[in-house]
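Residues per chain, in single letters:
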Amino acid sequence: MRMTTVCHVAVATALSVISAASLAGIQVGGTRVIFDAKDHSRDTSVAVRNKGDTPYVIQTFVDDGNGVTRRMPFTVTPPTFRLDGGKEQLVGIRYVQRGKGLPQDVESVYWLNVKEIPPTDKSKAGVNTLKIAVLTRIKLFYRPTGLAGKAADAPSQLKWSVVASPIGQGAALRVSNPTPYHVTFSTLDVQGAQNESVNVDMVNPRSDLIIPIPSRAVPNVGVIKFSYTTINDYGAVTQATEVTAQPAGAPEAARQ
């Protein structure tokens, strides 16, 4: 299994690009795209809507999560278009097999990017103005045919244990995902000396994820009680699951 550690880094940037759909005049029809090969052999689509009155130029593209956009296994059409106020455009997503193609025994994840570029006000020519291009990013999951089990059951199959924190004092949760599906978290709330909400995004298929817990909540390796919720295929938050995680090497974590 692959091992990943969650780290939280604050990044200051001078670029006027905001990854926040709530600030955008453009709305993407969903918080994720599931490209299920069983239902979509080659193509699927997502709606992009202009909620306001101002026309925008829209750019669409796929990246790998690290900013790489070359030789992606998906193409998006149209890549650039004008979207007038109150209008909607269907954006097509096509799977393009390159080389051996994507793995067929686990899900793969990429990111669909929708950037809205506001128009130039010609009446303010020669005047310094600030234009903000808003970038909305949503996960694009490729789900091959024939995967064992169901994606909806994956959160209940996660295995939890407590280990030493890899970033200093305190403890960490290790979550093992034995399924071929990604599991995206919405919340993770730890009960400790001080209750703590921990930011965590996703655990990959057949991988481990290490989630450091602030030492003010859990100062030492020991039993940790917590609850978590996940996000399903439809973007909805699932019911909270309560867990009592034991230190690694102890009997398997018991669920309440």
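An account of the accompanying structure is given in this report.

Basis of the calculations
- Residues numbered from 1 in each chain as written.
- Predicted model: local features only at pLDDT ≥ 70, side-chain atom pairs only at ≥ 80, totals over all residues.
- Heavy atoms only, no water.
- Pairing = 2+ DSSP bridges.
- Helix = DSSP H or I, 4+ residues; strand = E, 2+ residues; numbered from the N terminus.
- Core = buried A, V, L, I, M, F, W, Y, C linked by side-chain atoms within 4.5 Å.
- Buried < 20%, exposed > 50% of the residue type's maximum accessible area, 1.4 Å probe, protein only.
- Contact = heavy atoms within 4.5 Å.
- Salt bridge = Lys/Arg side-chain N within 4 Å of Asp/Glu carboxyl O.

For strand 6 (residues 56–63) and strand 8 (residues 80–83), the ladder comprises four bridges, and the chain directions are antiparallel. The residue of strand 8 that forms the bridge with Q59 is T80. Of the pairings in the sheet, the one linking strand 6 to strand 10 (residues 108–117) comprises seven bridges and is antiparallel in character. Opposite I58, over in strand 10, you have E116 as the bridge partner.

The biggest cluster of nonpolar side chains holds 27 residues, and the ones touching the most others in it are W160, L173, L188, I211, I224 and F226. Those elements that place two or more of their residues in this core are strand 12 (159–164), strand 13 (171–177), strand 14 (183–191), strand 17 (207–212), strand 18 (224–231) and strand 19 (241–245). For this core, the leading source of residues is strand 14, giving four residues. In this structure, F81, V91, Y95 and L112 belong to the second largest nonpolar core, which totals 25 residues.

Now for the environment of A164. Turning to its location among the elements, A164 is positioned in strand 12. The spacing of A164 and I213 is 49 residues in sequence and 9.7 Å in space, taken between C-alpha atoms. Once residues lying within four places of it in the same chain are set aside, the contact partners of A164 are G170, A171, A172 and V221.

What follows covers unusual backbone geometry. Most peptide bonds take the trans form, and the phi angle of most residues other than glycine is negative. Residue T77 is joined to P78 through a cis peptide bond whose omega torsion reads -5 degrees. Looking at the element boundaries, P78 is found in the loop between strand 7 (74–77) and strand 8. Of note, the phi angle at R206 is positive, near 50 degrees, even though the residue is not glycine. Looking at the secondary structure, you find R206 in the loop between strand 16 (202–203) and strand 17. The exposure class assigned to R206 is partly exposed, which follows from its relative accessible area of 35%.

Right, let's get into the pattern of salt bridges. Across all of its chains, the model carries nine salt bridges by this definition. R94 serves as the salt-bridge partner of D43, at 2.8 Å between the closest nitrogen and oxygen. With D43 in strand 5 (residues 43–50) and R94 in strand 9 (residues 88–95), this residue pair connects regions lying 51 residues apart in the sequence. Owing to a relative accessible area of 37%, D43 belongs among the partly exposed residues under this scheme. Residue class for R94 comes out partly exposed when judged on its relative accessible area of 43%. E88 is paired through a salt bridge with R49; the nearest N and O atoms lie 2.7 Å apart. Of this pair, E88 sits in strand 9 while R49 is found in strand 5, placing the two residues 39 residues apart along the sequence. One network of salt bridges, in which partners are shared, links E107, R143 and D233.

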